[in-house]
Each structure stands twice: as C-alpha cells, then as structure tokens.
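Overview (structure and organization)
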Amino acid sequence: MSRSQKLECIGTLAGGVAHDFNNILTVIIGACTLLEMNAADYPDQMPFVSRIRNYAERAAQLTQDLLIFSRRQAVVMGPENLVEVFHDMHRFLGSIIGEDIQLITDQQEKTVMVMVDLGQIEQVLMNLAANSRDAMPRGGVLRMRLSRVTNDGALPHLEGCPLGDYALMTVSDTGTGIDRENLCRIYEPYFTTKELHAGAGLGLSVVYGIISQHNGAIHVQSSPGEGTLFSIYLPICDQEEMVMSETGAGLLPGGTETILLVDSDPVMLKINASLLEGAGYMVLTASDGLEAQELLRRGQEAISLVVLDEALLPVHDLETCWRQLANDDKIKFMLLQGTDDAGTARTMKGAARITKPLDPLLLLEQVRALIDGRTL
C-alpha cells in the first residue's frame, strides 16, 4: 500500500470516529449546560461541571482537527494574495519562535493569488513554524519562501495534480532533521519524533488535510542533522475565479428566504445552519423527519426550500409524506446524498441533489439557484 493510500485509509477512519465522537460530546456539553442552568440547586458541584465542559470542548477541538485531516471539515474559500499573508505571518511568527531563531522571508513576486481558506493556510504556516522551532532548541534559521512554478507534467511533487501554475511555499529550518524511517510517518495522527512528554498531536496531519482539501500538494525533505524542508503547492487563482469572487454578490449570493434544514448528524446540522445563516437566510433545523414534517406543516407558507439528508427518507415511510408535501410548487427540495446515486432524487418532484462531503460554496450556489428556479 502506498503512503497516499495509507493516509487515505487513516483519514477515512479518523473522519468516521470524529463524527461519532461529536455526537457523544454534544450530549456531554448539553448536559453540562442544563446543570449550569440550575446552578443554584447544586452550587458545590459547579466547579466539576465547569471542568467537564472545558475538557469536552477541548475534545471537540480535537475532533475538528480530525475532520480537517480527513478532509471533511467545511472550508470557505476566497481569493488571497499570499505575499500579504507572508508579510503578516512574518510579524506574527517573529514574536513566538524565540530570539535564538532568525526568521527570513523571501517573496519573489508582488502578487500571488490563490483561492484558500485564509485561517487554515495561516494554521499551516504556524504549525510548520512551531515544528521548526522545536527542532532548533539551541537556535538556528527558519526560512519561508514564496514563488511561482508551472506544472507541465514533469514536476514529481505534483504527480496526479492538474497542469497549470502553482504557488510554491517552502518552510525550511536548520534543525535536527528527521530520519528516513520516521519521515514516512510524519502525517499520521499523533505520530511524533519528540521525546516522551515533549508533546504530540495532530499538527502535521492537519497540515496534510488542509493542503489536500485545497487541491494542493505537500512534500518534505529531511535527514538527521541537516534540517527539514517542506514544500507546499497551491493552484494559482485564474482570472475567471477572481471575477467570480469579486462579484460574489451575483454569483455566490445569499438571501432572506426561510430554509428548513434536516439532518440527523448534529455536526453537519450546525455547520450547514451556520453557513446558510451567514449568507442571510432564516434557518429552521430538525434532526429527524417527523420533527421536520411538523415544522413544515406549521410554516409551509414561509418555507422556500427544504434541505434534507437522504438517509431520513426510508424511515417510517417518510418518503410518501415528503412527496405529498412537495406537491406545493412553492417549496423546493434538495437532497444531501452520501453517494452519487441519483435514483432517489429523480423520484421527488422538484428535488435537486448534492453529494457529501459538502463544498460550502457549491452548497450556497445550489441553494440560490434552486430557490430562483435556475439550473446550474
């Protein structure tokens, strides 16, 4: 099994664990909230409740990191100039890597535009810089370099990636380096070459997941005593993407309509509700089909779109009920499907479909188009 296949398998497992574990954490945090609402009845227990909540929230952050590694975390991309990102990161990193480490940034271009989630790209650079700092306990040089390269099919690091122009970010250090055996495992969750109790986590696995989710590539070179070099490739933003983003109000619009969002997965429900609310929509949420039908009956005149997890259709013959409700031409339906099988979508009047895992920008496009009666 190749390294990429191995990481793909680990990512699939990690994503499944993260989704299931988030269900458990939701219950724990919810129970803490109920107890805190009745704090006056149990004043002596509140410190313990607070500690449970804090640890549950820390665990929730770990599951978010696992979702990033498995490429199931929602991202909101926009055009960013990496030259400006490097400039900002230079000022920020200079204050956290320590006085014994010299930070050098080299930007050969004035403008390098890419479509990225800015927060996640900043997280990549921070994680790599933190690893370099730990690899240079007696000081050294941390160098960050930005340039452009063209993938003409001959670049081995971009094998399998689309041809075209890429931004190349390199992060190198003069630290202790990594031997060949460990180099093959650095993207595995919780793998570390640090000493016992010196810290381990999801840093590089998160970096791998972020770059993969951005349709990029990452390559590492290192050997003991000779430092480490990370090379990160991100597709250059073409002119069409720039125009789409700059005129986002027309091409990626929001709205003020009411949307009923139905999903049995609380993580997906929360993420998609936040995304739609952020775009201006009024969102009603339901975790199962029966609850959704009741909301739909009560607010049928106001609801413009139902976004429904396909898995809920067969339960308790809900599909028949949904078809009856769908007879109202004012209400559109979108099915969130776990596979590319379009069979179910074709059986429902006015239903569109989108396959999980969801691309947030695509979801917004599909929602607006469906409400407006357009076909993408």
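In what follows, the structure referred to is the one given above.
No experiment lies behind these values; they were computed from the predicted model shown. (Residues numbered from 1 in each chain as written. Predicted model: local features only at pLDDT ≥ 70, side-chain atom pairs only at ≥ 80, totals over all residues. Heavy atoms only, no water.)

**Considering the sheet that holds strand 7 (residues 228-235)**
Condition: Any two strands are treated as partners once DSSP identifies two or more bridges connecting them. Only DSSP runs of H or I reaching four residues or more are called helices, and only runs of E reaching two or more are called strands; each is numbered from the N terminus. Throughout, an axis means a line fitted to C-alpha atoms (over the contacting stretch in the case of helices), and angles, computed between N-to-C directions, take values from 0 to 180 degrees. Here, two residues are considered to be in contact whenever any of their heavy atoms come within 4.5 Å of each other.
In space, the five strands of this open sheet follow the order 2-4-5-7-6, with mixed pairing throughout. Looking at which strands have only one partner, the edges of the open sheet turn out to be strand 2 (101-107) and strand 6 (217-222). Mean inter-strand twist for the sheet, computed between neighbouring axes without regard to direction, equals 15°. Bridge analysis of strand 2 against strand 4 (residues 140-151) gives seven bridges, and the strand direction is parallel. Pairing of Leu103 across the sheet is with Leu142, part of strand 4. Against the sheet, helix 4 (residues 118-134) touches strand 2, strand 4, strand 5 (164-173) and strand 7, its axis set at about 30° to strand 5.

**Comments concerning helix 10 (residues 289-298)**
We apply this condition: Type-normalised accessible area, obtained with a 1.4 Å probe on protein chains alone, sets the label of each residue: buried when under 20%, exposed when over 50%, and partly exposed for intermediate values. The arc in question is the one traced by the directions running from the helix axis out to the C-beta atoms. Any pair of N or O atoms that falls within 3.5 Å is considered a polar contact. Within protein, one atom must be able to donate a hydrogen and the other to accept it, and sequence-neighbouring residues count only if both atoms are side-chain atoms.
Among all positions in helix 10, only Gly289, Ala292, Gln293, Leu295 and Leu296 are buried. Viewed along the axis of helix 10, the buried residues span an arc of 165°, placing them on a single side of the element. For helix 10, the exposed residues lying more than 90 degrees away from the buried face are Leu290 and Arg298. The N-cap of helix 10, judged by a side-chain oxygen 2.8 Å from the amide nitrogen of Glu291 a few residues on, is Asp288.

**Examining the pattern of salt bridges**
Test applied: By definition here, a salt bridge exists when the distance from a side-chain nitrogen of Lys or Arg to a carboxyl oxygen of Asp or Glu is within 4 Å.
Here the structure, examined in full by the defined rule, presents four salt bridges. The partner of Arg133 in a salt bridge is Asp134, and the shortest N-O contact between them spans 3.3 Å. Relative accessible area serves as the criterion here: at 30%, Arg133 is assigned to the partly exposed category. Using a relative accessible area of 37% as the deciding quantity, one classes Asp134 as partly exposed. Arg368 serves as the salt-bridge partner of Asp372, at 2.7 Å between the closest nitrogen and oxygen. Taken together, the residues Asp372 and Arg368, both in helix 13 (residues 360-372) and four residues apart, mark about one turn of the helix. We classify Arg368 as buried; its relative accessible area is 8%. One salt-bridge network, held together by shared partners, links Glu257, Arg368 and Asp372.

**Topic: the environment of Phe230**
Mapping Phe230 onto the fold places it in strand 7. Owing to a relative accessible area of 7%, Phe230 belongs among the buried residues under this scheme. Sequence spacing of Phe230 and Leu128 is 102 residues, and the spatial spacing of their C-alpha atoms is 8.1 Å. In this structure, Phe230 is in contact with Leu128, Met169, Thr170, Val171, Ile186, Tyr187, Leu204, Ile218, His219 and Val220, ignoring residues within four places of it in sequence.

**Things to note about helix 3 (residues 82-93)**
Threshold: To estimate the expected span of a helix, subtract one from its residue number and multiply by 1.5 Å.
Taking 1.5 Å as the rise per residue, helix 3 with 12 residues should run 16 Å; its terminal C-alpha atoms sit 16 Å apart, in good agreement. Every buried residue of helix 3 is accounted for by Leu82, Val83, Val85, Phe86, Met89 and Leu93. Around the axis of helix 3, the buried residues are gathered within 155° of arc, so they sit on the same side. Residues of helix 3 that are exposed and point over 90 degrees away from its buried face: Glu84 and Arg91.

**Let's talk about the environment of Val220**
Among the structural elements, Val220 can be located in strand 6. In this structure Val220 touches Leu183, Ile186, Tyr187, Thr228, Leu229 and Phe230, once residues within four positions along its chain are discounted.

**A few points about the packing of helix 3 against helix 4**
The test is simple: Roughly parallel means an angle under 35 degrees; roughly antiparallel means over 145; roughly perpendicular covers 65 to 115; every other angle is labelled oblique. Take the far helix as the reference: if the near one is turned anticlockwise from it by less than a right angle, the crossing is left-handed, and if turned clockwise, right-handed. Gly falls in the polar group here, along with every residue not listed as nonpolar (Ala, Val, Leu, Ile, Met, Phe, Trp, Tyr, Cys, Pro) or charged (Asp, Glu, Lys, Arg).
Contact geometry of helix 3 with helix 4 gives a least axis separation of 11 Å together with a crossing angle of 45°. By the angle class used here, helix 3 and helix 4 are oblique. The hand of the helix 3/helix 4 crossing is right-handed. Contact residues: Leu82, Val85, Phe86, Met89, Phe92 and Leu93 in helix 3; Leu118, Ile121, Glu122, Leu125, Met126 and Ala129 in helix 4. When its residues are assigned to classes, the contact of helix 3 with helix 4 shows 11 nonpolar, no polar and one charged.

By themselves, these are just geometric observations and shouldn't be taken as functional.
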